[in-house]
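Descriptive analysis of the structure
Single-letter residue listing:
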Amino acid sequence: MTTILVRGLQLYAYHGVPDAEREVGHRYLIDLEMDVEERASTSDRVEDTVDYGAAAQVALDVALEQQCRTIERLAQLIGEAILAEFKGILEVRVSVEKPMPPSPIIAEAVGVVRVVEQIEPRRR
């Protein structure tokens, strides 16, 4: 098994608990760690692994097209979309951070890490 990393995706999107935060928007940072079954380490063929650029684009598309109140939900939706798109991924860890959050605390960032696993179909 190999873990494919995508670190530091940045975007401006419209998520948050207060209505105003979903209207004004905020900057977000997304990291992905995808545990994959791959053969590229021996074959050296791109077709034998997961295209990290395409996976990153799926994450960005979800974050821009969906609107969530919590970043926990956003991370879950990103993980589900990546698993649905790429069959070779066993598990994806999605980190979503909001730099300098609009809240009474002073923090560099707040965020979550959500682990989403590929669910095997049940056998009869």
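What you are looking at is a predicted structure, and each value in this text was computed from that prediction instead of being measured.

**Remarks on the overall build of the protein chain**
- In terms of regular secondary structure, the protein chain is built from four helices and four strands.
- When the backbone C-alpha atoms are referred to their principal axes, the protein chain occupies close to 50 × 35 × 20 Å.
- For the protein chain, contacts bridging at least 24 residues in sequence account for 61% of all contacts bridging at least 6.
- A total accessible area of about 8,000 Å² is found for the protein chain, and carbon and sulfur atoms account for 50% of it.
- With 14 positive and 22 negative side-chain charges, the protein chain shows a spacing of 6 Å between the two charge centroids.

**Concerning the nonpolar core**
- With 33 residues, the main nonpolar core has Ile30, Leu32, Met34, Ile78, Ile82, Ile89 and Val96 as its most contacted residues.
- Elements with a minimum of two residues in this core: strand E1 (2–13), strand E2 (26–36), helix H3 (52–65), helix H4 (71–85), strand E3 (89–99) and strand E4 (109–117).
- Residue contacts for isoleucine 89: discarding those within four places in its chain leaves Met34, Asp35, Val36, Val50, Ile82, Leu83 and Gln118.

**Some remarks on the environment of glutamate 33**
- Within the element layout of this structure, glutamate 33 appears in strand E2.
- Not counting residues up to four positions away in its chain, the partners in contact with glutamate 33 are Thr3, Ile4, Leu5, Arg7, Glu91, Val92 and Arg93.
- Within the structure, the side chain of glutamate 33 is placed 3.4 Å from the side chain of arginine 7, a separation counted as a polar contact.

**Some words on the sheet that holds E2**
- The antiparallel open sheet is built from four strands, whose spatial order is E1-E2-E3-E4. Looking along the sheet, the strands with just one partner apiece sit at the ends: E1 and E4. Adjacent strand axes in the sheet meet at a mean angle of 15°, parallel and antiparallel pairs treated alike.
- Here H4 sits on the sheet and contacts E2, E3 and E4; the angle it forms with E3, its principal contact strand, is near 145°.

**Details of unusual backbone geometry**
- Its identity as a non-glycine residue notwithstanding, aspartate 44 has a phi of 60°, on the positive side.
- Mapped onto the elements of the fold, aspartate 44 is located in the loop between helix H2 (40–43) and H3.
- A positive phi is found at methionine 100, a non-glycine position, where the angle reads about 40°.
- Relative to the helices and strands, methionine 100 is located in the loop between E3 and E4.

Conventions and cut-offs
- Residues numbered from 1 in each chain as written.
- Predicted model: local features only at pLDDT ≥ 70, side-chain atom pairs only at ≥ 80, totals over all residues.
- Heavy atoms only, no water.
- Helix = DSSP H or I, 4+ residues; strand = E, 2+ residues; numbered from the N terminus.
- Contact = heavy atoms within 4.5 Å.
- Areas by Shrake-Rupley, 256 points an atom, 1.4 Å probe, with all protein chains shown as cover.
- Lys, Arg positive; Asp, Glu negative; His and termini not counted.
- Charge placed at Lys NZ, Arg CZ, Asp CG, Glu CD.
- Core = buried A, V, L, I, M, F, W, Y, C linked by side-chain atoms within 4.5 Å.
- Buried < 20%, exposed > 50% of the residue type's maximum accessible area, 1.4 Å probe, protein only.
- Polar contact = N/O pair within 3.5 Å; in protein donor to acceptor, adjacent residues only side chain to side chain.
- Pairing = 2+ DSSP bridges.
- Axes fitted to C-alpha atoms, helices over the stretch in contact; angles between N-to-C directions.

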